[in-house]
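Analysis of the macromolecular model
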Protein chains: 2
Amino acid sequence: MTEFELIERVFRPLDGGRDDVAIGIGDDAAVLQLPSGHELVACVDTLVAGVHFPLDCSPFDIGWRAGATNLSDLAAMGAEPRWATLALTLPQADPQWLSAFAEGLAAVLRPWQVALVGGDTTRGPLTVSLQAMGSVPAGQALQRGGARVGDVVYVSGTLGDAAAGLQLLADPAPADSPQAFLRQRFLQPTPRLALGRALRGLASSCIDVSDGLLADAGHLASASELQICLRAAVLPQSAGLLACFDAATALRLAATGGDDYELCFTLPHAQSAKMPVLARELDCALTCIGVVREGSGLQLLAEDGTALAFDRSGYQHF
Amino acid sequence: MTEFELIERVFRPLDGGRDDVAIGIGDDAAVLQLPSGHELVACVDTLVAGVHFPLDCSPFDIGWRAGATNLSDLAAMGAEPRWATLALTLPQADPQWLSAFAEGLAAVLRPWQVALVGGDTTRGPLTVSLQAMGSVPAGQALQRGGARVGDVVYVSGTLGDAAAGLQLLADPAPADSPQAFLRQRFLQPTPRLALGRALRGLASSCIDVSDGLLADAGHLASASELQICLRAAVLPQSAGLLACFDAATALRLAATGGDDYELCFTLPHAQSAKMPVLARELDCALTCIGVVREGSGLQLLAEDGTALAFDRSGYQHF
C-alpha cells in the first residue's frame, strides 16, 4: 500500500453517511447538495503545531480540536454542519498517527453526521487546516452585528477552563481531578451547535469565544457599533477552575482566556425568560453577564462599578 | 495598525463584487447564496514552501499558483467558480509580502469574479491552503469516471511546459525567450474554466493535469474501469519546450511532468467534430491523444505500437 492509498483509506470512512453528497472524496472536487431555501455557511480554521497546540499533543486531540474549532464557527452562525474538507500538512505519513488523528476528527464530526468530502495531504511542517461547510435557512444566520441598546448579554458554559487547561497539560494529576477536567476542556472542546441553532430568530448577535471573552464580546460591540458592559462577578467559572487557581487568577482566565468555544450572544431583555428553559433542554449553562449600551467598546465592571482592566484582552492571531 | 488589521486590509478588497455573498470576511463564517437548481462544488489545495514552490518564489507567483491550482480543480468538474477561503500560515506578517501575494491571488480570481469570503491567518512555516467553491447545474458535474469504450481522449493546450519551467527557474534568459515562456507556465498557470464549462454534457470524463498526463489519464482509466491508450507522437508540445530540450526529454516531460493544469477528457467519437470549433472559440488547442478501450490502466504507445515506459509516472503527493 502506498502512502497515498493509506491516507485515502484512513479518511474515506468519514463520509457521514449523508445523502447530500453527490460526489465525495476521490474526484477533483466534491459535489454537494444544499437544501433549497438555505444559504451556505463556510469557514476555515488552521492549527499549527507548536502555535495552536503543543508539539507533544496526541494526534487524537489534534484531530478533535481541528474539528471542534471549525464546527464552533458554524455554531456561532446558527448553522447546521454538513461537510468538511481537510488540508493536512505532515512531516511523514505515519499510519498510527493518521489513524489516531482521523479518530479524533471523527469523534467530533460523527455526532453531527458531518462528511469529510475532500482534502489535500502534503509533506511539510505539521499544519491542520479544516474548512467546515453548513447551511442555514435563508436570512436566518446569526451575526456579530445586530445587538441593540438594552439587549442582555449571555454566555454558555463556563469560561477560562481551556486557558487553565493549557497551563496544566504537563500536570500529572489523575483522570478524575479538576486538573484533568481543565485539560480536557482545552484538548476536547464541545462546539455548541445545538445552542447556535436554537438561538436563530432569538439572539440579536452571536460569536464563539475562541480568543477570550473580552476580545470576542468586543467584536460583538464593534460590529454592532455599541458598547457592551459586562459584570466581572457573574462570569461563569467552573468548580475545576476555582479549585486550581486563586480567585484573581480565575477571573483573569475567565475574562481573557481563549479556546473555550462557548457562545457569547445578545438578545432582547424580554426573551431572557426563555433562557432557563433552553439551558435545561440543552443541558448547558446559560448565564446573563451584561448589557448592551450606547457607546463603543467593552467594559468589565467590578461590583462597586469600577472598570477592571487586564494586560491581555484575548488571543492575538499574529 | 496591528498585523491583524493589516491582513484584513490586504484581503478585504478581494470581494469579487458579487451579489451572492450575504456575509463575507469579518464574521465567524461566510454566508453564501447558491442559485437554486445548482449543486455546490468544493475543493482544497495546499502549497508548501520548498515542496510545491521554491523558497525564493515571489509572493505574487505564490498567490497566483494558489488560486490557479484550485480553480483548475473546479474547471475539471465543469463548475463555475464563485467563492474561496484562504488558510495562510506565515513566519511573519510582512506588509510588502502580503500585498504582493494578494495581488497575485487577485490576478487569478478577478477575471472570474471569485470572492475571497473568509480565511485564517496563522504564524508558522509558509503554507498556503486555498479552498475554492463553485456551482454546477444539478447532475451536470464532470467526473473522472464515465469514460466508455470507443471514446476518444483529448487534452487542452501543451504538456510538459510547467515541469520544464520548474527546471529553468534560475535560468537568466530574457523575458521573450522560450525559457521565460516555460517559467511562466510553471509560475502562472491558466485554469481552463471556460473549457470545463463548455464540456458539460459533452465530455464523458474529465480531470486536470496536475500530477502529469500519465498519472492523471490513469486516474480517468481507473475511475472508469477501462483502459486508456495514448499515442506518444501526438502529445502536444510547445515550441518553447522543443527549443529548450531534446525530443526524448521533451516527450518525457510532456508525458510525466506535473503542474500544467490543462484538462484531459474523454468524449464519444461522434462529438469529435465539435472540438475544432470549441478550440477556436476558446483560443485553446484541443488535441486528440488517444482512445478508451476494454481493459485497465494506461498505455503510452510509440508509432510502431510498442509500449513506452517512464520511471516516473507523475507527481506523487507523498
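Residues numbered from 1 in each chain as written. Chains lettered and ligands numbered in written order. Predicted model: local features only at pLDDT ≥ 70, side-chain atom pairs only at ≥ 80, totals over all residues.

1. Points about the domain arrangement of chain A
Residues and elements named next belong to chain A. Domain assignment breaks chain A into domain 1 (3-137) and domain 2 (152-308). Measuring from the centre of the C-alpha atoms in domain 1 to the corresponding centre in domain 2 gives 26 Å. Each partner contributes to the interface: domain 1 provides 18 residues, whereas domain 2 provides 19 residues. Secondary-structure elements contributing two or more residues to the side of domain 1 that touches domain 2 are α2 (59-76) and β4 (80-90). Broken down by element, the side of domain 1 that touches domain 2 gets its largest block of residues, 11 residues, from α2. Of the residues contributing to the side of domain 1 that touches domain 2, the split by class is 11 nonpolar, 3 polar and 4 charged. (Domains from an automatic or database assignment. Contact = placed C-beta atoms within 7 Å. Helix = DSSP H or I, 4+ residues; strand = E, 2+ residues; numbered from the N terminus. Nonpolar A, V, L, I, M, F, W, Y, C, P; charged D, E, K, R; others polar.)

2. A look at the confidence of the model for chain A
Taken over all residues, the pLDDT of chain A has a mean of 94, while the share at 70 or more is 97%. This complex was scored by the predictor with a pTM of 0.94 and an ipTM of 0.93. (pLDDT = per-residue confidence, 0-100.)

3. Some thoughts on the pairing of strand β10 (residues 263-267) of chain A
Residue and element names in this part refer to chain A. With 5 of 5 residues buried, β10 lies mostly within the body of the structure. Residues L263, F265 and L267 of β10 are buried on one face, and the alternating residues C264 and T266, pointing to the opposite face, are buried as well. In the sheet, strand β7 (residues 152-156) pairs with β10 via 4 bridges, with the strands oriented antiparallel. By the bridge assignment for β10, V153 is matched with T266. (Buried ≥ 20, exposed ≤ 12 C-beta atoms within 10 Å, placed from the backbone. Pairing = 2+ DSSP bridges.)

4. Quick word on the relation of the copies chain A and chain B
Rotating chain A by 180° and translating it 0.0 Å along the rotation axis places it on chain B, where the RMSD comes to 0.0 Å. The superposition of one copy onto the other is thereby described by a two-fold rotation axis. Comparing contact sets, 100% of the residues at the interface of chain A also lie at the interface in chain B, consistent with an isologous, same-surface contact. (Least-squares fit on C-alpha atoms with pLDDT ≥ 70 in both.)

5. A short note on the interface of chain A and chain B
Residue-level contacts link 54 residues of chain A with 54 residues of chain B. Per-element accounting of the side of chain A that touches chain B gives the leading share, 9 residues, to strand β3 (residues 38-48) of chain A. With 3 bridges connecting them, β3(A) and strand β2 (residues 30-32) of chain B associate as antiparallel partners. The partner of A42(A) across the bridge, within β2(B), is A30(B).

6. Details of the pairing of strand β10 (residues 263-267) of chain B
As paired strands, strand β8 (residues 205-208) of chain B and β10(B) are joined by 4 bridges and run antiparallel to one another. Pairing of S205(B) across the sheet is with T266(B), part of β10(B).

7. Thoughts on the packing of helix α1 (residues 3-11) of chain B against helix α3 (residues 95-109) of chain B
All names here are of chain B. Where α1 meets α3, the closest approach of the two axes is 9 Å, and the angle between their N-to-C directions is 25°. As summarised for this structure, α1 and α3 are arranged roughly parallel, according to the angle between their axes. Seen from above, α1 lies across α3 with right-handed handedness. Across the interface between the two elements, L6, I7, V10 and F11 from α1 touch P95, L98, S99 and A102 from α3. The residue makeup of the contact of α1 with α3, split by class, is 7 nonpolar, 1 polar and no charged. (Axes fitted to C-alpha atoms, helices over the stretch in contact; angles between N-to-C directions. Parallel < 35°, antiparallel > 145°, perpendicular 65-115°, else oblique. Left-handed = near helix turned anticlockwise from the far one by under 90°.)

8. A short note on the environment of L242(A)
All names here are of chain A. For L242, the position within the fold is in helix α8 (residues 239-244). Considering only alpha carbons, one finds L242 and P178, 64 residues apart in sequence, at a separation of 9.1 Å. Beyond its immediate chain neighbours, meaning those up to four positions away, L242 contacts Q237 and A250.

9. A look at the nonpolar core
Soluble, globular proteins show a tendency: their nonpolar side chains are buried together. If you look at the biggest cluster of nonpolar residues, it comprises 209 residues, and the most contacted ones within it are V41(A) and V41(B). When residues no more than four places from it in sequence are discounted, the contact partners of V41(A) are L74(A), M77(A), A79(A), M133(A), G134(A), S135(A), V136(A), A141(A), A29(B) and V31(B). (Core = buried A, V, L, I, M, F, W, Y, C linked by C-beta atoms within 7 Å.)

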